[in-house]
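Examination of the molecular architecture
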Amino acid sequence: MAPDKPKTVQYVLIPADVTQPMQELEVEQPEGLEVECLTNWMQDYYRKQCKVATDEGKEAFRKTLTEKMPVEMITEEMLSGAYGMQLVESVALMSGGPHTGGIHVNLYCDDKGQMKGLPLNPRAMGVCDIVNKPSQVYGDCFVGRVFETADDFHRLGFTLKECDSSSAWVAKAKALNLKKAQDAGGSSSALKDFQAMAGGKGAQVFDTSSMTKAVEAEAPIVEADPGETPGAYTWTQSLEEVVVSVGCPKGTKSNQIKCKIRPNNLSLDIIGIEDGAIFADMVLFAPVDPEESNWSIEDRGEKRILSITMAKGKKMRWLDLKTVPGK
C-alpha cells in the first residue's frame, strides 16, 4: 500500500563545512511536480553556491569523457555546454523495492562538485560509509526520501533526527547494500572490502547523531578497550582531544612502536603483529597539533594497550577518526 503523499516534505542539508550545523528544511510538493519541487530547488542552490569550474576540474572532466567516447567527438562546444549545465547527482543510500515497500533514501549532491573545486564533505561521506555505500562527495549535500514504483512517485519526509546510526532505515540500508555487494562479488571478498572501507581492524562505527546539533558541553574521554585481538583499536574523544587505544601483544616494548603524528595524518606500525601497519598514513578527520600530542604503552590487567592522544587543532566533535572512508 502506497504511503500518503504529504503536501510538504522535510529533507536535510549537510554542509561540507563541518563547523556549520546540519539543517532540516521543507519544500512544498504540488500535484504534478513531485520530482521538480526539490530537484529544481537544489539545481538553483548549486548554481548560486559556485558557478565557476576550475581549470583542473575542467581537465579532469575532459579526461573522464575521453574514457567514455572517441576523442574526435569531444568538441569545445560540447565541453562548454557541459560546464554550464547544472544537474544533481544522487547516491542511493537505500534502494527501494519490495523489501522496502518502494521507499528509497537518497543523498543528493552537485554533479560537478569536483570540477568546481568544492571541498570533500566528510559528514556526507560518513553517512555513505555507515550504510555500506562508500562514496566521495564534494560540496554541500542533501538527504531525502521518496516513494517510487512503476506507477507512482512522490516525496516523503526525511528529518534531522533520522541522521543517526540507530535509525531503522540505517540498519535496513546497511544490510541491503552489503547483500548486493556479496551477490556481486562473493560474500567473503565483499565483506572484507566493506570492513576495510569502514576503517579496518576493529574500527568504531560512529554515531551520526552528533551531526544533528552543535556540541554545547565538554564530553569526558572514556577509557576505551580495543578487545583481545592485537592490532584492533577503538577511539574516544572530548572536545579537545582524541584518544586511540590499540591492542598490542603481551610484552610489547616501546621500541617496537613506530608512531608518527602529523597535522593531518597518523601512521602506526607495531613490530610483533602480522601486517603491523595498523594505520598507513591515515588521513585524520580534522587537523591535530603534533606538538601537543603523544603516545604511551601500558598494561591494563592482562592486556597490553597503546594509547595515542592527539590534541585537536580546533574544539569540535569529530564524526569519525578519518576523513575518507577506507583511508
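Details of the structure are given in the entry above.
Okay, so let's go over this structure. Just so you know, these numbers come straight off a predicted model, no measurement behind them.

**Some points on helix α1 (residues 36-49)**
- Here α1 is 14 residues long and its end C-alpha atoms lie 19 Å apart, about the 20 Å a rise of 1.5 Å per residue gives.
- Where α1 is concerned, the buried positions are Cys37, Leu38, Met42, Gln43 and Tyr46.
- Next to the buried residues of α1 lie β1 (8-14), β2 (23-28), β3 (88-94), β4 (103-110), β5 (141-148) and β6 (153-156).

**Quick word on the packing of aromatic side chains**
- In the structure shown here, the tally under the stated rule is eight aromatic pairs.
- Measuring from centroid to centroid gives 5.9 Å for Tyr11 and Trp41, while their planes differ by 70°, and the two rings are edge-to-face. A residue pair is termed long-range when its members are at least 10 positions apart, and Tyr11 in strand β1 and Trp41 in helix α1 qualify at 30 residues.
- For Tyr11, a relative accessible area of 3% corresponds to the buried category.
- On the basis of an interplanar angle of 55° and a centroid distance of 5.9 Å, the ring pair of Tyr11 and Phe142 is categorised as tilted. Separated by 131 residues along the polypeptide, Tyr11 in strand β1 and Phe142 in strand β5 bring together distant segments of the chain. Here Tyr11 matches Phe142 in class, with each residue buried.
- Grouped by ring-pair contacts, the aromatic residues Tyr11, Trp41, Tyr45, Tyr46 and Phe142 constitute a single cluster.

**A closer look at the sheet that holds strand β8 (residues 241-248)**
- Sheet architecture is open: four strands sit in the order β7-β8-β13-β12, paired in antiparallel fashion. Each edge of the open sheet is held by one strand with a lone partner, namely β7 (233-237) and β12 (288-300). Recorded for the sheet is a direction-independent mean angle of 20° between the axes of neighbouring strands.
- Bridge analysis of β12 against strand β13 (residues 303-312) gives nine bridges, and the strand direction is antiparallel. Bridge pairing links Asp289 to Ala311 in β13.

**Some thoughts on the sheet that holds strand β10 (residues 265-270)**
- Judged by pairing direction, the sheet is antiparallel, and its three strands sit side by side in the order β9-β10-β11 without closing on themselves. Each edge of the open sheet carries a strand with a single partner, namely β9 (257-261) and β11 (277-283). Sheet twist, expressed as the average angle between the axes of neighbouring strands with direction ignored, equals 5°.
- In this structure, β9 lies alongside β10, joined through five bridges in antiparallel fashion. Residue Cys259 lies in a different strand from β10, and its bridge partner there is Leu268.

**Considerations on unusual backbone geometry**
- Backbone geometry places Asn132, a non-glycine residue, at a positive phi of 60°.
- Relative to the assigned elements, Asn132 resides in the loop between α4 (122-130) and β5.
- On the basis of relative accessibility, which here comes to 9%, the residue Asn132 falls in the buried class.

Reading the values: rules and limits
- Residues numbered from 1 in each chain as written.
- Predicted model: local features only at pLDDT ≥ 70, side-chain atom pairs only at ≥ 80, totals over all residues.
- Heavy atoms only, no water.
- Helix = DSSP H or I, 4+ residues; strand = E, 2+ residues; numbered from the N terminus.
- Expected span 1.5 Å × (residues − 1).
- Buried < 20%, exposed > 50% of the residue type's maximum accessible area, 1.4 Å probe, protein only.
- Contact = heavy atoms within 4.5 Å.
- Phe/Tyr/Trp six-rings, centres within 6.5 Å; stacked < 30°, edge-to-face > 60°.
- Pairing = 2+ DSSP bridges.
- Axes fitted to C-alpha atoms, helices over the stretch in contact; angles between N-to-C directions.

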